[in-house]
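What the coordinates show
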Amino acid sequence: SVNLYMKRQNLPLELRERVRDFYQYMWQARQAFDESGFLEELPETLRMEVSLFNARELLESVPFFKDSASGFFTSVVNLLHGVVFLGGDLIIRLGEWPTEMFFIRDGEVKISLNGHVVTYLGPGAYFGEISIVLSTRRTADVSALG
């Protein structure tokens, strides 16, 4: 079990709590509906149609994606994968080289520069695109809120 593992590894109590919070969130999210399991059962072409439908509005909300060809959206949808961050997790660190951008499905993030909050973003927003488009290092810290 997870608790036994954490005890054997002598993880700090705060870290144990964060791991438990993660599993609690994942358990609750999967109780509603296991989307990945559903999609995996579909034939590849049907799975792609459903994935494109689900992601289209999100992708079209990104200005530099707006006039892209449908083949571009197919390529991007194939690269999308879900990640979960807990409150306080640092998602992007100022000065790092980018490898990805993020779309917020649920929750909220805080964007900060030199310890000062610049803005907050929520569902439907995206971040991390500036460094990718400009081929430059990250321009701010981005943290998940609880």
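Residues numbered from 1 in each chain as written. Predicted model: local features only at pLDDT ≥ 70, side-chain atom pairs only at ≥ 80, totals over all residues. Heavy atoms only, no water.

From N to C terminus, the protein chain includes six helices and six strands. Ordered by position from the N terminus, the helices and strands of the protein chain form the series α-α-α-α-α-β-β-β-β-β-α-β. Projected onto its principal axes, the C-alpha positions of the protein chain cover 50 × 45 × 20 Å. Burial statistics for the protein chain: of 146 residues in total, 26% are counted as buried. Considering only contacts in the protein chain between residues 6 or more positions apart, those separated by 24 or more positions represent 57%. Approximately 10400 Å² of the protein chain is accessible, and the part contributed by carbon and sulfur atoms is 55%. One way to put it: in the protein chain the 14 positive side-chain charges average out to a point 9 Å from where the 19 negative ones average out. (Helix = DSSP H or I, 4+ residues; strand = E, 2+ residues; numbered from the N terminus. Buried < 20%, exposed > 50% of the residue type's maximum accessible area, 1.4 Å probe, protein only. Contact = heavy atoms within 4.5 Å. Areas by Shrake-Rupley, 256 points an atom, 1.4 Å probe, with all protein chains shown as cover. Lys, Arg positive; Asp, Glu negative; His and termini not counted. Charge placed at Lys NZ, Arg CZ, Asp CG, Glu CD.)

Any pair of aromatic rings gets described here by the distance separating the centres and the angle formed by the planes. Tallying each qualifying case throughout the model produces five aromatic pairs. Relative to tyrosine 23, the ring of phenylalanine 22 lies with its centre 5.3 Å away and its plane at 75°, an arrangement referred to as edge-to-face. For phenylalanine 22, a relative accessible area of 28% puts it in the partly exposed group. For tyrosine 23, a relative accessible area of 46% gives the class partly exposed. A ring pair is formed by phenylalanine 102 and phenylalanine 127, whose centres lie 5.1 Å apart and whose planes are at 15°; its orientation type is stacked. Here phenylalanine 102, found in strand β2 (residues 102-103), pairs with phenylalanine 127, found in strand β5 (residues 126-127); they are 25 residues apart in sequence, far enough to count as distant. For the pair formed by phenylalanine 102 and phenylalanine 127, the shared burial category is buried. Among the aromatic residues, those joined into a cluster by ring pairs are Phe85, Phe102 and Phe127. (Phe/Tyr/Trp six-rings, centres within 6.5 Å; stacked < 30°, edge-to-face > 60°.)

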